[in-house]
Amino acid sequence: MQFFYSGITSGSIYALVAIGFNIIYNTTGIINFAQGEFVMLGGMFIYSMLYMMNIPFVLAFPVALFGAFVLGVIFERVFIRYVKVKSELNLITITIAGSIILRGLAMVIWGRDTLLVESFVPSKAINVYKGTITTDSLVVIGISLVISFLLTFFFKKTKYGKAFRACYEDKIAASVCGINVKAVVMFSFGIAAFLGAIAGVVVSPITYVTYSDGIMTGLKGFSAAVMGGLGSFWGGIFGGILLGVSESFFASVFPSGYKDAMAFLIILFILFFRPQGLFGRKKATRV
Amino acid sequence: MKMLKVKSLFVNYGAVEALKNISLHIKEKEFVALIGSNGAGKTSLLNAIMGIVKPKDGEVIFNDKNITGFPPERKVKEKIALVLEGRRVFANMTVLENIEVGAFTSDNKNFIKRLKFIYDIFPVLKERSWQPAGMLSGGEQQMLAIARALISEPKLLLMDEPSMGLAPLVIKDVYEKLLILKETGLTIFLVEQNAAAALKYADRGYVLENGKIVLQGKSKELLEDNEIKRAYLGKEYKEKWER
Amino acid sequence: MLRLNNVSVNFGGVKALTDVTFDVPAHKITALIGPNGAGKTTLFNSITGFIPHFTGEIHFHNVKLNGKLPHEIFHIGISRTFQNLNLINELTLRENMFLGVIGKEKPPIFKSFFRLNKGYWKNVEQRIDDMLYLTGIKKWENSKPGSVPYGVLKNLEMARALISNPKILLLDEPAAGLNSKEKENLAELIGMLNTKGHTILMVEHDMSFVSTLSDYVVCLNFGKLIARGTFDEIRNSPDVIKAYLGDEDA
Amino acid sequence: MRKLNLSFIIFNLITLFFISRYIENEYYLSLIIYIIFNAINASCFNILLGYAGIISLGQAAFFGLGAYTSGILSATYGINPYATIIIGIIITAIVAFIIGYPSLKLHGHYLAMATLGFGMIVYICFNEMDFITAGPSGLTGIPNISFFGIEIGSEYKFFIFLSVFYMIFITLMEFFDKSFISYKLRFIHESENASSSYGINVAKVKLTTFVVIACVTSINGSLFAFYSNFISPVSFSFKYSIELVVMAVFGGLGSITGGSIGAAILTFIPEVFAEIEDYEMVIYGGILAITILFFDGGIAKQFKRLVEKYVKIK
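For clarity, every value in this text was computed on a predicted model and none was experimentally measured.

### Topic: the environment of Val191 of chain B
All names here are of chain B.
Point 1. If you trace the backbone, Val191 turns up in strand S8 (residues 187–192).
Point 2. The sequence separation of Val191 and Arg230 amounts to 39 residues, and the corresponding C-alpha distance is 18 Å.
Point 3. The residues contacting Val191, other than those within four sequence positions of it, are Leu34, Lys42, Leu46, Met159, Asp160, Glu161 and Pro162.

Shown next as structure tokens:
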């Protein structure tokens, strides 16, 4: 059972990242290769505020998230909006460029060392059914749950959430309903960065923060999104949990060094055999 | 009073000329139809008026205000609404949510009142308000698309092929709803391939052929004009091109 | 020549084509008409292998096309054009012509790579020249697609489809986007091809164009075949008039 | 068939000749050798993305497969270097086929992610399979390659040796660029549907291209192993794949010159300005972004435009 608990913890993180991928994918059709960097930046922000500026956590947490949100918006304004030839290849490359820049800046600012972040709650292990779970993990799982519900509320109940969903379904129809699609695209980058940063903050006491964390997290979040079917909100969550659990299961069977390789093997198999995701239905394509 | 004026509008897609020197006008509370066959440029015209495509040249004037080049969301604020070709309702959202999205720009105070007004005209939408829009029939989706446009309280309603893919009885139903709306003071401009239906209900008509307006006049007169058949089913230039 | 037998296509529950049956006779021009969404492009895609899951049968000279891939169908002798032109902007018109040759003939890779078969390529160049003259675009041969009129590009697409010497040519809206002068030129070209014995099946909206050229017309509406015959028969068919002009009872 | 344009080949030949005559400093020679390795890899990536439209973010893996096969076989088992290159090609071809067959059915993002995932898996294997690869600390004791009995030991000798390989590569690339094969790839890039309806077996052509390019990258990797006598996984990481992307995009996609120009400039700059080392990634990313945002087509195209403009005025 132990691998199940640690799987859920990392799975919640992947789920948050996957939702970020999906939000951007739904509004723009772009896979944002820089999504993982926002997770890393979330961790960096919280580290700086807690230990370099000595801001209490209650304040630092929202400020870090807000910072990531603004950065996400800037990211869209700088990199995405002005791409002249909006071919898929160009959009892929520009987000790769963005991710390298963010990672490089993080390295310049915070250095190459791993930064330690202390637990936000008193750290202890709790015995549960056939295993233990740490309070840090509980925070991760709890916050992910809360975020999922808040997002669901946003998308289902609020006017702006509905505008987002309208844009997902049909941009032109949304624009003739009076929705500024460009703004929605911009904010979707903001929200995705915001979600990434949440993941980055809550996971920082467990994995600590290094400037190069982003690639791995990003890729796994993407795998989670693909597993659940790209663009699907709940698919992302399921995919994330599934990936986390199967990954820690593999880690308990194979040498732990191969853990990440297993994650990628899973992506490859899904991409090859069910690119529409485990739960998605195949779309009829027209020539 | 002329509500909408289109002055020598040109639209190009790359090297293709879709519209060539289109001028037309719509008076307040009028019901005008622009008819033409497939590929004549009808949708391009509406898209250019609404701002979905940028015209190459020409002007669109609405209530004496030059609105050429405004993006669609600003046109909505100017009280123009467009019902897109093929309806394009948000299939995974409920009927009510679709209408709510349509009300994105308007303030919340009037919403309930407007909703009641819309439900009175389209009672079927009230019955189905919790269903996903994708589950509706074609005719119901068309009603929903109209409702979604109406909730923003437009003064001018633009419609792109309301009859597309619908059975004759349903088409009749849709047009009768439009007549009711016209009674309430709405100005309607629609483009339509189904000339017979459109001209039966409209006050005035234009005929578009190959991106140019070739004919205009009172609907009744147009209906009787043999030229229309020609615009749809081809000229007799067999002699001219005889091989 | 090309025979469709009870062809039906389903897109996730939506019937795009229902039991379409007709023949395309050899050495004639057949036009496929119908309002938007009638299923014309779907029909084209079924013939050319882009929709493999149709039911019914499509035969070409007694070869069954069901389940064949697009490039296999091309090798059987069916060539098609697309509505969008698919030309390569960095290459000249002449170079774009090569694309019609290399798929058909599979030039020997090693020899061509090291230019050991000059004779073969000289022959190809000669055929390209002929085709450019035939379609009247020889003088544009060294221009790039971005800098010539749209009509020229349409002719180029025709030339490219023709150079493989297909047994039947499928044209998807050849006149779309052309001005009337260009349409006349294109009609002349297609007419000339027909007198040379080419078989043509075309989807077209422009009825003047169809009336001038076609020997037979097949009309689709809502995925069903509603009429076939000569243009004059079609034009006076009540079903067709209803499909185009709409129902006056509405 | 288009006429061959020998100017780039001649330009390279002259440059290499002058380098061989006048540069003796070992550091500069080694820098130039790195440029050549990168130029070949970036050009290979360029053929995939710029011509065929296949985005492959796992090129470093093929480079590494060649390097590790040659390295392990020659260092541990003492097999003749040339034989190890051949075995490297075979292994790479098999791997490329297995990966390419399913992934080339994917497009755009999916393909990018699949190749990236593949690259990551290979990288992790280099790190973890320490019983044969010696793990993160790297594989040592790789012998020098010899050529007709002359051992290619010094920087200078290797430079000459690699230059020959590079010149062959560039010449083949020029032949390729002007052959119908490049038309075929460009056509597939433009539209897979249209090219298949013109009789091109799209899946087969793409897979062949992918495998052949992987093999060339693998040969390059083998040579890299024999040059440095030491290889570690870091050289074949995701970061290297991305550097190749930057070089190819910056140099200019879809032209034979792009990969080399990009590699030359982007390998040279960080070395010369050692103090900006920390900013290397930011600069790489910035160059990539600026190229895409403002200079579609990269340096090669800008240069060509400049030449065309100048010629017109004349």
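### Here's the deal with the nonpolar core
Point 1. Ranked by size, the top nonpolar core spans 353 residues in total, and within it Ile146, Leu178 and Phe189 of chain B carry the most contacts.
Point 2. When residues of this core are assigned to their parent elements, the largest contribution, 15 residues, is made by helix H8 (residues 181–207) of chain A.
Point 3. Split by domain, this core shows at least three residues from each of two domains, domain 1 (1–77 + 167–250) and domain 2 (88–165) of chain C.
Point 4. The residues contacting Phe189 of chain B, other than those within four sequence positions of it, are Leu24, Ile26, Val32, Leu34, Leu45, Leu46, Ile49, Leu156, Leu157, Leu158 and Met159 of chain B.
Point 5. Core analysis: the next-biggest nonpolar cluster, separate from the first, contains 28 residues, Val20, Ile58, Leu170 and Val203 of chain C among them.

### Describing the sheet that holds strand S2 (residues 14–24) of chain C
All names here are of chain C.
Point 1. Here four strands make up an open sheet; going across it, the order is S2-S1-S4-S5 and the pairing antiparallel. The open sheet terminates on both sides in strands that have one partner only, identified here as S2 and strand S5 (63–64).
Point 2. One ladder, built from five bridges, connects strand S1 (residues 2–11) with strand S4 (residues 55–60); its direction is antiparallel. Across the sheet, residue Leu4 finds its bridge partner in S4, namely Ile58.

### Thoughts on helix H5 (residues 118–135) of chain C
At 3.6 residues per turn, the α-helix brings residues three or four places apart onto the same side.
All names here are of chain C.
Point 1. Helix length check: H5, at 18 residues, gives a terminal C-alpha distance of 26 Å against a target of 26 Å (1.5 Å per residue), a fit within 8%.
Point 2. For H5, the set of buried residues is Trp121, Val124, Glu125, Ile128, Asp129, Met131, Leu132 and Thr135. The buried residues of H5 occupy an angular sector of 170 degrees when the element is viewed end-on, so they sit on one face. Away from the buried face of H5 by more than 90 degrees, exposed residues Gly119, Lys122 and Tyr133 are located.

### Structural notes on the sheet that holds strand S4 (residues 57–62) of chain B
Residues and elements named next belong to chain B.
Point 1. If you trace the four strands from one edge of the open sheet to the other, you get S2-S1-S4-S5, paired in antiparallel fashion. Of all strands in the sheet, those bounded by a partner on one side alone are strand S2 (16–27) and strand S5 (65–66).
Point 2. Pairing of S4 with S5 involves two bridges; the strand directions are antiparallel. Of the residues in S5, the one forming a bridge with Phe62 is Lys65.
Point 3. Where helix H1 (residues 42–50) meets the sheet, its contacts fall on strand S1 (2–13), S2 and S4, and the angle it forms with S1 comes to roughly 115 degrees.

### Description of the pattern of salt bridges
Point 1. This structure, assessed with the given rule, holds 28 salt bridges over all chains.
Point 2. Of the charged contacts in the structure, one is a salt bridge between Lys42 of chain B and Glu161 of chain B, with a shortest N-O distance of 3.5 Å. Residue Lys42 of chain B is located in helix H1, and its partner Glu161 of chain B is located in the loop between strand S7 (156–160) and helix H7 (168–183); the two are separated by 119 residues in the primary sequence.
Point 3. In this structure, a network of salt bridges that share partners links the residues Glu90 of chain C together with Glu174, Asp177, Lys178 and Arg186 of chain D.

### Considering the interface of chain D and chain A
Point 1. Listed by partner, the interface residues are 42 residues for chain D and 45 residues for chain A.
Point 2. Where chain D abuts chain A, roughly 3,800 Å² becomes buried across the two surfaces, and 81% of that area is made up of carbon and sulfur atoms.
Point 3. If you sort the residues of chain D by the area they bury against chain A, His109, Met113 and Met281 of chain D come out on top, with a joint share of 20%.
Point 4. Summed over the shared surface of chain D and chain A, the result is zero salt bridges.
Point 5. The interface formed by chain D and chain A contains two residue pairs in polar contact (both at pLDDT 80 or more).
Point 6. Where the side of chain D that touches chain A is concerned, the elements lending two or more residues are helix H4 (81–103), helix H5 (108–128), helix H11 (238–251) and helix H13 (280–294) of chain D.
Point 7. Broken down by element, the residue count for the side of chain D that touches chain A peaks at 13 residues, all from H5 of chain D.
Point 8. Here the side of chain D that touches chain A is built from residues that sort into 29 nonpolar, nine polar and four charged.

### Details of the arrangement of the chains
Point 1. There are five pairs of chains in contact here, and the one with the most contacts is chains A and D.
Point 2. Spatially, chain B is disjoint from chain D: no contact exists, and the shortest C-alpha separation is 17 Å.

### Remarks on the confidence of the model for chain D
Point 1. Model confidence for chain D is summarised by a mean pLDDT of 89, while 98% of its residues fall at 70 or above.
Point 2. The complex prediction reports pTM at 0.88, with the ipTM value standing at 0.85.

The rules behind the values
- Residues numbered from 1 in each chain as written.
- Chains lettered and ligands numbered in written order.
- Predicted model: local features only at pLDDT ≥ 70, side-chain atom pairs only at ≥ 80, totals over all residues.
- Heavy atoms only, no water.
- Helix = DSSP H or I, 4+ residues; strand = E, 2+ residues; numbered from the N terminus.
- Contact = heavy atoms within 4.5 Å.
- Core = buried A, V, L, I, M, F, W, Y, C linked by side-chain atoms within 4.5 Å.
- Buried < 20%, exposed > 50% of the residue type's maximum accessible area, 1.4 Å probe, protein only.
- Domains from an automatic or database assignment.
- Pairing = 2+ DSSP bridges.
- Expected span 1.5 Å × (residues − 1).
- Arc of directions from axis to C-beta.
- Axes fitted to C-alpha atoms, helices over the stretch in contact; angles between N-to-C directions.
- Salt bridge = Lys/Arg side-chain N within 4 Å of Asp/Glu carboxyl O.
- Buried area = accessible area lost by both parts, 1.4 Å probe.
- Polar contact = N/O pair within 3.5 Å; in protein donor to acceptor, adjacent residues only side chain to side chain.
- Nonpolar A, V, L, I, M, F, W, Y, C, P; charged D, E, K, R; others polar.
- pLDDT = per-residue confidence, 0-100.

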